[in-house]
There are 4 protein chains.
Amino acid sequence: MIIVMRHDATRDQVENLVAQVHARGFRAHLSGGDERTVIGVIGIDPFSIRDVVADAPGVAEVVRITRPFKLSNREFRAGDTHVRVGDHDVGGDSLWIVAGPCSVDDEELFLETARRVKQAGAHALRGGVFKPRTSPYSFQGLRGDGVDILKQARRETGLPLVCEVLAAPDIEALAEVADVLQIGARNMQNFALLSEVGRVRKPVLLKRGMSATIEEWLLSAEYVLSQGNYDVILCERGIRTFETYTRNTLDLNAIPLIRELSHLPVIVDPSHGTGRRSLVSPMALAAIAAGAHGLLIEVHAHPEAALSDGAQSLTPAGFQELVDRLGPLVKALRKPVAVT
Amino acid sequence: MIIVMRHDATRDQVENLVAQVHARGFRAHLSGGDERTVIGVIGIDPFSIRDVVADAPGVAEVVRITRPFKLSNREFRAGDTHVRVGDHDVGGDSLWIVAGPCSVDDEELFLETARRVKQAGAHALRGGVFKPRTSPYSFQGLRGDGVDILKQARRETGLPLVCEVLAAPDIEALAEVADVLQIGARNMQNFALLSEVGRVRKPVLLKRGMSATIEEWLLSAEYVLSQGNYDVILCERGIRTFETYTRNTLDLNAIPLIRELSHLPVIVDPSHGTGRRSLVSPMALAAIAAGAHGLLIEVHAHPEAALSDGAQSLTPAGFQELVDRLGPLVKALRKPVAVT
Amino acid sequence: MIIVMRHDATRDQVENLVAQVHARGFRAHLSGGDERTVIGVIGIDPFSIRDVVADAPGVAEVVRITRPFKLSNREFRAGDTHVRVGDHDVGGDSLWIVAGPCSVDDEELFLETARRVKQAGAHALRGGVFKPRTSPYSFQGLRGDGVDILKQARRETGLPLVCEVLAAPDIEALAEVADVLQIGARNMQNFALLSEVGRVRKPVLLKRGMSATIEEWLLSAEYVLSQGNYDVILCERGIRTFETYTRNTLDLNAIPLIRELSHLPVIVDPSHGTGRRSLVSPMALAAIAAGAHGLLIEVHAHPEAALSDGAQSLTPAGFQELVDRLGPLVKALRKPVAVT
Amino acid sequence: MIIVMRHDATRDQVENLVAQVHARGFRAHLSGGDERTVIGVIGIDPFSIRDVVADAPGVAEVVRITRPFKLSNREFRAGDTHVRVGDHDVGGDSLWIVAGPCSVDDEELFLETARRVKQAGAHALRGGVFKPRTSPYSFQGLRGDGVDILKQARRETGLPLVCEVLAAPDIEALAEVADVLQIGARNMQNFALLSEVGRVRKPVLLKRGMSATIEEWLLSAEYVLSQGNYDVILCERGIRTFETYTRNTLDLNAIPLIRELSHLPVIVDPSHGTGRRSLVSPMALAAIAAGAHGLLIEVHAHPEAALSDGAQSLTPAGFQELVDRLGPLVKALRKPVAVT
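How each quantity is defined
- Residues numbered from 1 in each chain as written.
- Chains lettered and ligands numbered in written order.
- Predicted model: local features only at pLDDT ≥ 70, side-chain atom pairs only at ≥ 80, totals over all residues.
- Heavy atoms only, no water.
- Helix = DSSP H or I, 4+ residues; strand = E, 2+ residues; numbered from the N terminus.
- Rg over C-alpha atoms; globule rule 2.2 N^0.38 Å.
- Buried < 20%, exposed > 50% of the residue type's maximum accessible area, 1.4 Å probe, protein only.
- Contact = heavy atoms within 4.5 Å.
- Areas by Shrake-Rupley, 256 points an atom, 1.4 Å probe, with all protein chains shown as cover.
- Lys, Arg positive; Asp, Glu negative; His and termini not counted.
- Charge placed at Lys NZ, Arg CZ, Asp CG, Glu CD.
- Phe/Tyr/Trp six-rings, centres within 6.5 Å; stacked < 30°, edge-to-face > 60°.
- Lys NZ or Arg CZ within 6 Å of the ring centre and 35° of its normal.
- Pairing = 2+ DSSP bridges.
- Axes fitted to C-alpha atoms, helices over the stretch in contact; angles between N-to-C directions.
- Parallel < 35°, antiparallel > 145°, perpendicular 65-115°, else oblique.
- Nonpolar A, V, L, I, M, F, W, Y, C, P; charged D, E, K, R; others polar.
- Buried area = accessible area lost by both parts, 1.4 Å probe.
- Salt bridge = Lys/Arg side-chain N within 4 Å of Asp/Glu carboxyl O.
- Polar contact = N/O pair within 3.5 Å; in protein donor to acceptor, adjacent residues only side chain to side chain.
- Expected span 1.5 Å × (residues − 1).
- Least-squares fit on C-alpha atoms with pLDDT ≥ 70 in both.
- pLDDT = per-residue confidence, 0-100.

### Points about the overall build of chain A
Looking only at helices and strands, chain A has 11 helices and 14 strands in total. Whereas a compact globule of 340 residues would reach a radius of gyration of roughly 20 Å, chain A reaches 21 Å, a difference of no more than 12%. Here chain A, with 340 residues, has 64% of them falling under the buried criterion. Taking the intrachain contacts of chain A between residues at least 6 apart in sequence as the baseline, contacts between residues at least 24 apart amount to 67%. Surface summary for chain A: the accessible area is close to 12,500 Å², and the carbon and sulfur share equals 46%. Between the mean site of the 38 positive side-chain charges and the mean site of the 42 negative ones, chain A shows a separation of 2 Å.

Now the structure itself:
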């Protein structure tokens, strides 16, 4: 349930209402917009106290939210959420491009890739040092040893870092160096981990589980938001289907759907999403045309030498070419229709 | 197996080879390009006669095609196939826009919609008079009675007509009026019907089955091609997944993948593909960015009154707005990267 | 909508009601049970005439059926439907075992297999002479040439024949020899063909489409039933999932679900359903434990020589072993719980 | 890679080989059967040292395992793994029946259910105190408060307890009371947690992820095994499909497939697997017929009052009836075929 305050509501009226909500055993989340304050009321059957709050001074409206996600619901927040990463507003007017190798495996190669993606126009750098691998016998990431390489890359390029966390102790290990904590597809319903990153004050990039519905994905975001961390960026990365020519089936329907249902920014990872280098650029362009706020692109200075996911990595030159195509595309999408 | 002829091969040499192929119990399909002729050899284990043909005069190369689709395979034909519909080359340089209601249910409404989509820039008109419906108790289309309405619309607007066929006898019924015969998703593996339309000299629009793989889809096209009808246009219309917020999951990965694997034109139907009006335009733009050769858009003058699929139909005004956005988009996608 | 008559309703009362239903533009289907007659009223919004019929003499109750399938709905018919094939009641007390090769490819082998499955206890023989194949270049069945072989097998073994039809003309071709017409998975939504077999007076075996929901499957059965052919046997044959170790994923949940929702008999094809010989017998036993009325088992005298689907065929000896295990299983499933 | 020792190999020969394996940077896992020892060699490309070990004294054979799972591979271990829980050998000759409510929500109800399932013949008790819930606003389990209730139930009934762990700290919390640690479907690829339970000396019940392939599931088991904990019981619990009449699609194909590929015991949860009370017993019987080593059944003394998953819980009476049917079924499945 959401309590929409009148735009002339006083601070006292808001605080008074929050106190009443608490007193009845519910939690209250405030969203203070420019114009008016909205209070999210969370708990089991909050609508039972509708009458109590509807007539309170300063209340404009009480709205029942029937979809199970609340804080991520567009009804809860009028405008789009912008998440600040470095000097970029993710979810705002300009695209947010994150690039880099799937994992940090070699210092020299990683630094070279970092420099090249920076030069091509990336706004942030991927850098996985803890890798979730289906098999325990696959390369698991450099773990602690990789953190120094990350620091070096950050120092050299000035790019903010997006780093995956696999378990609560990773958070501490990455705290010094990561600007954004990534939750991977396999952990989308690791509710313990979601709650942990909800208690941290760093933006979270939440990838969609490979067979998650849109509703489940938003409910996972809700775990982070409900702990007080509102800086969540969603990332579509392909779902599992019966198709065998591609590794995953990138679901671009998710982009306009998320933008309709939620105020959170949503980006797209066409590299994992297709698993096939030749599809990365066309699907990246399509993602932007569908309304995505940004892209997560695997780039590797020497894809053929990558310890993981080389087959889906762009070269720095391929990445440059993609970035060069994005500018005109964005402009065309916004071009006002000519009056005739 | 494919026999690529030298570019100075004579007509006699080609005919001689075809005769040899036939003599050994295989079928031969010729593809005469500007530069050279390619002969597709079809049958069980055609590679067994490789040695016989490899040294024949005029032969440049013999290529084994390991993917099971042959005539639709990009290896079989160097350039893209263009399918002529009215005065439009589908698969060529400009987008092909088909629009109209899901089914012809009311004469006045249909003609009004036809005029409006023509005005907005559509190149062809959808007009289903035979409807495949999941339930025998749903509206099944006007059948024969609708054909006169179709003729009237064609006469008034001059737009070519795309009409679905459900069974062999429909072909004859529609022959007078349809410019393109559509095979719907539920009939994608109705092999008897595919063979029938393969023997007709009209372009075929082949929709993807709702859980068909790309390979199965191309093999269904192969049924049409192998009967001698090379004018096949593929149409992605959404696959079935576990998602419940949308009716289907439009699979745009299919677009760059088909363009890589095959020379056939491929268009996208975001109306059935999502089943949700608000997603139609974003996904239409995304489809074009991904490389689609055209769009199939449901437009209804009064969607709320439609007997089927109203929830996914655009209004003529909404369609106009979409068409207006396509021009700048196409231009941007082709814009050469600025030299700096 | 269903009109349940009182058990003392007269024939005149029933006929009178049917006339009224027709007069209002609806169709009426009668189901005459031992105790009482039930009238199914079919059309668009039949509930609109509820008041007209509810008070008519002889009417006990008027029931709105909200599930879209009507005639196949358990509410329409109190008992289970039994379909007579040869001297067997499919859907009755004893299992119905159909066996044979996927297709008739060699006369001698087919007759040998026929004799062996008869000997092992099969009640009917599979014999496909028209084969639906994903690729036009695969073996398409013997077609007309196979019919004589089928006749020969029927004469020798006395076993009824189950034959697949792919198109309307097949029906006539098979009419002399087939006892049951099979609609394959790929034609489950070939509505033209379903209507055709609905007009024939032969039992129909309707396989589930490879990504059909239970509701769609029952609606396809409804196409047959609504043409007046009530002798429909459903057959689960595996759905498409992401699993790659098996060809399909046999969905046994469908068995108890169909038995709850419908009165039609339902059997299971574990051969196509798994595509892996080693899984056929365990899944056949599981199907029976789940409540299936019978099995469709691929048996080939020499699986390694089969032109199609050899990898999933049992040998006659393997089939014999399976049949031998079914008797004790059925007995155990029916064993009354011991009173202690 | 697997090194199979001769059956007269000495202990020294085995130790010597293990030392060589270690010296080359690989890990060695021993499986000591009654007849012979088998050494699993794990690492990147272990086959590179094939020649080094093949000629060592005591070696019978060196087998390359191409499937990516090693320690769970049937080739690694000749017989079936038996996991001891209480006085039951899971994976041995008799079925293992686990029952109880989805979560511990009320002390009195839980104890009543515990007594009733014990009486009906259950061998172990489910008791979730940490619940993974899709929404943060759903009941999350009693957590710490539930542990005392579990202890009480264990004391009263003597039944071993199966408890789900969601995060590493849960392990310690549950250590005193749980006999089996359950990893739920949503955590099947929480590799950090899998490694943690791999270092504990308690049996692990590993549920299949809702869209996991069989291979991924076995690779997750591999995470536990490769840490030294060999007591893993697999549990099929339904996969996600497009079907909407059931919550999940229980995949019984997994049972014979797992038994073919692996030596680990596998049980079935038809309660979550279908989400529909009426399907639980038929699918439980089918699971046993397919070869499952046991069942996990949701039972609740008053299903209508359950805070989670009531719609799929059996009553104690329904559970009793199911258990009563299992005895004759198991007997029938093993009944030797009558010699005639």
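### Some thoughts on the packing of aromatic side chains
Counted under the stated rule, the structure contains four aromatic pairs over all chains. Between Phe-191 of chain D and Tyr-223 of chain D, the aromatic rings sit 4.6 Å apart at their centres with planes inclined by 20°, giving stacked as the arrangement. Taken together, the residues span a long stretch of sequence, with Phe-191 of chain D in helix α6 (residues 191–198) and Tyr-223 of chain D in helix α7 (residues 214–225) at a distance of 32 residues. Across the pair, exposure class does not vary: Phe-191 of chain D and Tyr-223 of chain D are buried alike. The ring centre of Phe-242 of chain D lies 5.7 Å from the NZ or CZ of Arg-240 of chain B, which sits over that ring.

### Details of the pairing of strand β14 (residues 294–298) of chain C
Residues and elements named next belong to chain C. Burial analysis of β14 places five of its five residues in the buried class, the great majority of the element. Going residue by residue along β14, you find Gly-294, Leu-296 and Glu-298 tucked away on one face and Leu-295 and Ile-297 tucked away on the opposite face as well. Sheet analysis places strand β7 (residues 96–100) next to β14, joined by five bridges and oriented parallel. The residue of β14 that forms the bridge with Gly-100 is Glu-298.

### Points about the packing of α6 of chain D against α7 of chain D
Describing two packed helices takes the angle between their axes plus the distance from one axis to the other. Residue and element names in this part refer to chain D. One way to put it is that α6 packs onto α7 with a least axis distance of 7 Å and a crossing angle of 45°. It follows that α6 is oblique to α7 by the angle criterion. Contacts between α6 and α7 involve Phe-191, Leu-194, Ser-195, Val-197 and Gly-198 on the former and, on the latter, Ser-220, Tyr-223 and Val-224. Taken together, the residues of the contact of α6 with α7 break down into five nonpolar, three polar and no charged.

### A word on the interface of chain B and chain A
The interface of chain B with chain A comprises 43 residues on the first partner and 44 residues on the second. At the boundary of chain B with chain A, total buried surface from both sides reaches about 3,600 Å², with 65% on carbon and sulfur atoms. Its largest share of buried area at the contact with chain A, chain B owes to Phe-242, Tyr-245 and Asn-253 of chain B, together 20% of the area lost on that side. Put simply, chain B and chain A have four salt bridges between them. Among the salt bridges present, the one from Arg-276 of chain A reaches Glu-260 of chain B, with a minimum N-O distance of 2.9 Å. In this structure, the connection of chain B to chain A is made through 14 residue pairs in polar contact (both at pLDDT 80 or more). If you list the elements that add at least two residues to the side of chain B that touches chain A, you get α7 (214–225), α8 (254–261), α9 (270–274), α10 (277–290) and α11 (316–334) of chain B.

### Considerations on the interface of chain D and chain C
Facing 44 residues of chain D, the contacting portion of chain C comprises 44 residues. With both sides pooled, the region where chain D packs onto chain C buries about 3,500 Å², and carbon together with sulfur makes up 65% of that total. The tally of links between chain D and chain C comes to four salt bridges. Summed over the shared surface of chain D and chain C, the number is 14 residue pairs in polar contact (both at pLDDT 80 or more). Sorting the residues of the side of chain D that touches chain C by element identifies α7, α8 (254–261), α9 (270–274), α10 (277–289) and α11 (316–334) of chain D as the ones contributing at least two each. The greatest single-element share of the side of chain D that touches chain C, amounting to seven residues, is contributed by α10 of chain D. Residues of the side of chain D that touches chain C, tallied by class, amount to 24 nonpolar, nine polar and 11 charged.

### Things to note about helix α7 (residues 214–225) of chain C
Residue and element names in this part refer to chain C. Between its first and last C-alpha, α7 extends 16 Å over 12 residues, near the 16 Å set by a 1.5 Å rise per residue. Of all the 12 residues making up α7, 11 are buried; the element is thus mostly covered by neighbouring parts of the structure. For α7, the full list of buried residues reads Ile-214, Glu-216, Trp-217, Leu-218, Leu-219, Ser-220, Ala-221, Glu-222, Tyr-223, Val-224 and Leu-225.

### A closer look at the relation of the copies chain B and chain A
Note on the identical chains: chain B maps onto chain A by a rotation of 180° and an axial translation of 0.0 Å, with an RMSD of 0.1 Å. Seen this way, the second copy is the image of the first under a two-fold rotation axis. Looking at the rotation axis and the C-alpha trace of chain B, the residue lying nearest is Ala-286 of chain B, at 2.1 Å. Mapped onto chain A, 100% of the interface residues of chain B are again interface residues, and the two copies thus contact each other with one and the same surface.

### Regarding the pattern of salt bridges
The tally for this structure, following the rule as stated, stands at 72 salt bridges over all chains. In this structure, Glu-176 of chain A engages Lys-151 of chain A in a salt bridge whose closest nitrogen and oxygen atoms are separated by 3.4 Å. Taken together, the positions of Glu-176 of chain A in the loop between α5 (168–175) and β10 (180–183) and Lys-151 of chain A in helix α4 (residues 144–157) put the pair 25 residues apart, joining distant regions of the chain. For Lys-151 of chain A, a relative accessible area of 27% corresponds to the partly exposed category. Its salt-bridge partner being Arg-199 of chain C, residue Glu-196 of chain C comes within 3.6 Å of it at the nearest N-O pair. Residue classification places Arg-199 of chain C among the partly exposed positions, given a relative accessible area of 46%. The network of salt bridges with common partners includes Arg-208, Glu-236 and Asp-251 of chain A together with Glu-243 of chain B.

### Observations regarding the pairing of strand β3 (residues 37–42) of chain A
Residue and element names in this part refer to chain A. For β3, the buried fraction is high: five of the six residues fall into the buried class. Relative to β3, strand β1 (residues 2–5) runs antiparallel, the two sharing three bridges. Bridging across to β3, Val-4 finds its partner in Val-38.

### As for the confidence of the model for chain A
In this model, chain A carries an average pLDDT of 90, and 96% of its residues clear a pLDDT of 70 or more. ipTM for the predicted complex: 0.89, alongside a pTM of 0.90.

### Looking at the environment of Tyr-245 of chain C
In this structure, Tyr-245 of chain C sits in the loop between β12 (232–236) and α8 (254–261). Between the alpha carbons of Tyr-245 of chain C and Thr-274 of chain C there is a distance of 9.2 Å; along the sequence they are 29 residues apart. Of the polar contacts made by the side chain of Tyr-245 of chain C, one reaches the side chain of Arg-67 of chain D; its length is 3.4 Å.

### Looking at the side chain of Asn-73 of chain C
Residue and element names in this part refer to chain C. Relative to the assigned elements, Asn-73 resides in the loop between β4 (59–63) and β5 (83–85). Judged by its relative accessible area of 3%, Asn-73 is buried. For Asn-73, the side chain forms a polar contact with the main-chain oxygen of Phe-69, separated by 3.2 Å. If we ignore the near neighbours within four places in the chain, the residues touching Asn-73 are Ile-65, Arg-67, Leu-261, Ser-262 and His-263.

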